[in-house]
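# Close look at the chain arrangement
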Amino acid sequence: ITIKLWKQTEKYCVRQANRIITVVDEAKEHYVHDYGVSPQKVTVVMNAEDLDYFCSLPVKEEIVSKYQPYVTIAYIGGFGHHRGIQTTISAMPKIMLEIPRSKLLLVGSGNNEDELRQLARKEGVEEAVEFVGWQPFALVPSYIAASQVCLVPHIASGFTDTTVPHKIFQYMAMGKPVITSSAKPLARIIKETGAGIVYPSGDAATLAETVIRIYQDEELAAKLRQAAKIAVTTKYNWQREEEKLITLYQDLERDIK
């Protein structure tokens, strides 16, 4: 599908809808400013994590202990060029110069996995990049717990500038420092909460420097961990977001009556 056709379809659909649900403020702004949709029609319901459920999932000690000898940098989720995983692999040679025990943990898969494996070989970091594959969701907290820092390296684009992944809130819920690209929603959330550090999208050198900085500065790492926990506890959680969804349905019901 072409971008032009996609935008035409999107414009038609949002103008026909009685209500629109989207996951970030940036998407709402897109609908309002680019398609002339009334702000009152759009409700932002972020795909934040249900803390009661997520935090009840047990951490598997065998997974944590497996990676204990390493300084583990984790990415969890789907692959694809727009996810920016290639940036994380290209950052590894520089990271390993300062942190020889570092390991990039890629939990998930996607249509460019072979390309990413080839890149790891080309960069000479094949042994330091582990492709774990898809895992049951119940194990996600364990892989996060095994990591010292967690990544959302999305390549900034019209798509990633109007979306946000669950993983950023999962990382925060586990109290991990989060490094994100400068994709707009990611950068906004991280800068607002102080839960991590933002690097320029696609900039492998700066990403490497950011990982090294967090590793070498324990006071900074502790500050980021604390901010991450506060952010999900006080704001970015499903317990707060579900109220918006319930209100939307109640309003829609009144409109129908």
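Here, every reference points to the structure presented above.
Attention in this report is confined to the structure presented alongside it. As the structure is a prediction and not an experimental result, all values here were calculated from the model.

The rules we used
- Residues numbered from 1 in each chain as written.
- Predicted model: local features only at pLDDT ≥ 70, side-chain atom pairs only at ≥ 80, totals over all residues.
- Heavy atoms only, no water.
- Pairing = 2+ DSSP bridges.
- Helix = DSSP H or I, 4+ residues; strand = E, 2+ residues; numbered from the N terminus.
- Axes fitted to C-alpha atoms, helices over the stretch in contact; angles between N-to-C directions.
- Contact = heavy atoms within 4.5 Å.
- Buried < 20%, exposed > 50% of the residue type's maximum accessible area, 1.4 Å probe, protein only.
- Parallel < 35°, antiparallel > 145°, perpendicular 65-115°, else oblique.
- Left-handed = near helix turned anticlockwise from the far one by under 90°.
- Phe/Tyr/Trp six-rings, centres within 6.5 Å; stacked < 30°, edge-to-face > 60°.

Here we come to the sheet that holds strand 4 (residues 102–107). Spatial ordering of the open sheet is given by 5-4-3-6-7-8, a layout of 6 strands whose pairing is parallel. The open sheet has two free edges, formed respectively by strand 5 (129–131) and strand 8 (196–198), since each of these has just one partner strand. Averaged over neighbouring strand pairs, the angle between their axes works out to 20 degrees when direction is ignored. The sheet contact formed by strand 3 (residues 71–76) and strand 6 (residues 149–152) spans 2 bridges and is parallel. By the bridge assignment, I73 is partnered in strand 6 with V149. Sheet strands in contact with helix 5 (residues 85–98) are strand 3, strand 4, strand 5 and strand 6, and its direction is about 165 degrees off that of strand 4.

The next subject is helix 2 (residues 25–35). Residues of helix 2 that are buried: E26, A27, H30, Y31, V32 and Y35. Looking at the packing, one finds that the buried side of helix 2 touches helix 1 (3–16), strand 1 (20–22), strand 2 (42–44) and helix 9 (184–193).

Below, the discussion takes up the packing of helix 5 against helix 10 (residues 204–216). With their axes 8 Å apart at the nearest point, helix 5 and helix 10 run at an angle of 45 degrees to one another. When the interaxial angle is binned, helix 5 and helix 10 end up oblique. The handedness of the crossing between helix 5 and helix 10 comes out as right-handed. Of helix 10, the residues touching helix 5 (which contributes T87, T88, S90, A91, K94, I95 and E98) are A204, A205, L207, A208, E209, V211, I212 and Q216.

The next point concerns the packing of aromatic side chains. Here the structure, examined in full by the defined rule, presents 7 aromatic pairs. Plain terms: the ring middles of Y31 and Y35 are 6.5 Å apart, the flat faces sit at 25 degrees to each other, and that makes the pair stacked. Of this pair, Y31 and Y35 both sit in helix 2, 4 residues apart, roughly one helical turn. Each member of the pair, Y31 together with Y35, is buried. Ring centres of F54 and F137 lie 6.0 Å apart, and the angle between their planes is 55 degrees; this geometry places the pair in the tilted category.

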